[in-house]
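Overview (structure and organization)
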Amino acid sequence: YNKYFKSLERIAFTENISYNQAKRAYAVMSKDVNDDSVIEVPSVFKLKIEEDRADVAPCAEIYWCQQTEEGTVHLISHEAVSFSYKFSFDIPAEWDGKFTAHTNHDENEVTFYTWNKVKIGDELLKIRITDKNTQEIPEGYKSLAENESRVYSYKVPETSDKMILGDDEIIGAFELMQ
C-alpha cells in the first residue's frame, strides 16, 4: 500500500508556491515514462504568452520527475506539448527557463521563442502542420514526421544564436503522440 501510493506522489519543486500544486493546467495522465515500473505524476504548466496575443494559445510544459528512495527528486523528462497537433518536444537543457511555445491555429503551426521572463524574444523553431492529402510542405521547411492525416515539418531561423538546434537535435526531440 505505502509503496504503491508513494509511486503516485506528485513531486513539488518548492515549498514556497502560493498556488494549488495539485491543479493541472492541462489534463495529462500519469504514466511510466522511463519503463521502471513506477508511475510518474507530471507537473503540468501553461507556457507563458504576452497578454495581448489573442491569436495564439500557449503550449503545455510538462516535467516528469521521480523521487528516489532517499527522497531526492530527479528530472526524467522536460517537454513542451501541443495537444491540438498531438506532439511533444523534449526541451534541451540550454532552453530550460528561457523559452516559450505558442500554437497558432490559423497558421497551423507551433513556434518556439526565447523568453526573458516578461516577453517573447527571438524565434528558435517553427513546426508547421499540413494536411497529408491536400497540402505540400511549405517552401523552406524540412520534413519531420507524419501520421495518417498530417505532415509535420520544421524550419529554424538563420541566426547564430546559441539556442538554435541542429537538424538531428530537432528530429530526436520530436515525438508524435497517440
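Refer to the structure presented above.
Residues numbered from 1 in each chain as written. Predicted model: local features only at pLDDT ≥ 70, side-chain atom pairs only at ≥ 80, totals over all residues. Heavy atoms only, no water.

Most of strand 3 (residues 60-67) sits inside the fold, with 7 of its 8 residues counted as buried. The pairing of strand 1 (residues 43-46) with strand 3 spans 4 bridges and is classified as antiparallel. Along strand 3, the bridge assignment pairs V44 with I62. The pairing of strand 3 with strand 4 (residues 73-82) spans 8 bridges and is antiparallel. If you follow Q67 over to strand 4, its bridge partner there is V73. Turn length for the strand 3-strand 4 hairpin, with the two strands adjacent in sequence and antiparallel, is 5 residues, and the turn residue G71 shows positive phi of about 95 degrees. (Buried < 20%, exposed > 50% of the residue type's maximum accessible area, 1.4 Å probe, protein only. Helix = DSSP H or I, 4+ residues; strand = E, 2+ residues; numbered from the N terminus. Pairing = 2+ DSSP bridges.)

With that settled, the discussion passes to the pattern of salt bridges. All told, the structure shown has 5 salt bridges when counted by the stated rule. Residue E146 is joined to K132 by a salt bridge in which the shortest nitrogen-to-oxygen separation is 2.9 Å. Linking E146 in strand 9 (residues 142-146) with K132 in the loop between strand 8 (120-131) and strand 9, this pair joins segments that are 14 residues apart in sequence. Judged by its relative accessible area of 46%, E146 falls in the partly exposed class. With a shortest N-O distance of 2.8 Å, K142 and D167 are connected by a salt bridge. Taken together, the residues K142 in strand 9 and D167 in helix 2 (residues 167-173) connect sequence positions 25 residues apart. According to the relative accessible area criterion, K142 is partly exposed, its value standing at 40%. Among the residues examined, D167 registers a relative accessible area of 32% and is labelled partly exposed. Because the salt bridges share partners, they merge into one network encompassing E109, E123, K126 and R128. (Salt bridge = Lys/Arg side-chain N within 4 Å of Asp/Glu carboxyl O.)

This part is about the sheet that holds strand 5 (residues 87-90). The strands that make up a sheet are held in pairs by hydrogen bonds between backbone atoms, and each pair lies either parallel or antiparallel. One open sheet accounts for 5 strands, arranged 1-3-4-5-11; its pairing is antiparallel. The strands lining the two open edges of the sheet, one partner per strand, are strand 1 and strand 11 (174-176). Here the average twist between neighbouring strands, direction ignored, is 25 degrees. (Axes fitted to C-alpha atoms, helices over the stretch in contact; angles between N-to-C directions.)

One open sheet holds the 6 strands; their spatial order is 2-6-7-8-10-9, and the pairing between them is antiparallel. Looking at which strands have only one partner, the edges of the open sheet turn out to be strand 2 (57-58) and strand 9. Sheet topology note: the strand 7 (residues 109-115)/strand 8 ladder contains 6 bridges and is antiparallel. When the bridges of strand 8 are listed, V110 appears paired with I127.

The next point concerns the environment of P157. Looking at the element boundaries, P157 is found in the loop between strand 10 (150-155) and helix 2. Along the primary structure P157 and L124 are separated by 33 residues, whereas in three dimensions their C-alpha atoms are 6.7 Å apart. If near-sequence neighbours (up to four positions away) are discounted, P157 is found in contact with E123, L124, L125 and I164. (Contact = heavy atoms within 4.5 Å.)

Time to look at the environment of E79. For E79, the position within the fold is in strand 4. For the pair E79 and I91, spaced 12 residues apart in sequence, the C-alpha separation works out to 5.1 Å. Those residues in contact with E79 that sit more than four places away from it in its chain are A60, E61, I62, W64, S88, F89, D90 and I91. Polar side-chain contacts of E79 include one of 3.1 Å to the side chain of W64. (Polar contact = N/O pair within 3.5 Å; in protein donor to acceptor, adjacent residues only side chain to side chain.)

Here the focus is the packing of aromatic side chains. Under the defined criterion, the tally for this structure stands at 9 aromatic pairs. An angle of 80 degrees between the planes, with centres 6.0 Å apart, marks the rings of F87 and Y152 as edge-to-face. Highlighted residues: F87 in strand 5 and Y152 in strand 10, separated in sequence by 65 residues. Note on Y152: relative accessible area 0%, which makes it buried. Ring geometry for F89 versus W95: centroids 6.0 Å apart, planes at 25 degrees, classification stacked. Each of the two residues, F89 as well as W95, counts as buried. Members of the aromatic cluster, joined through ring pairs, are F89, W95, F99 and F112. (Phe/Tyr/Trp six-rings, centres within 6.5 Å; stacked < 30°, edge-to-face > 60°.)

Honestly, it's all geometry; don't read function into it.
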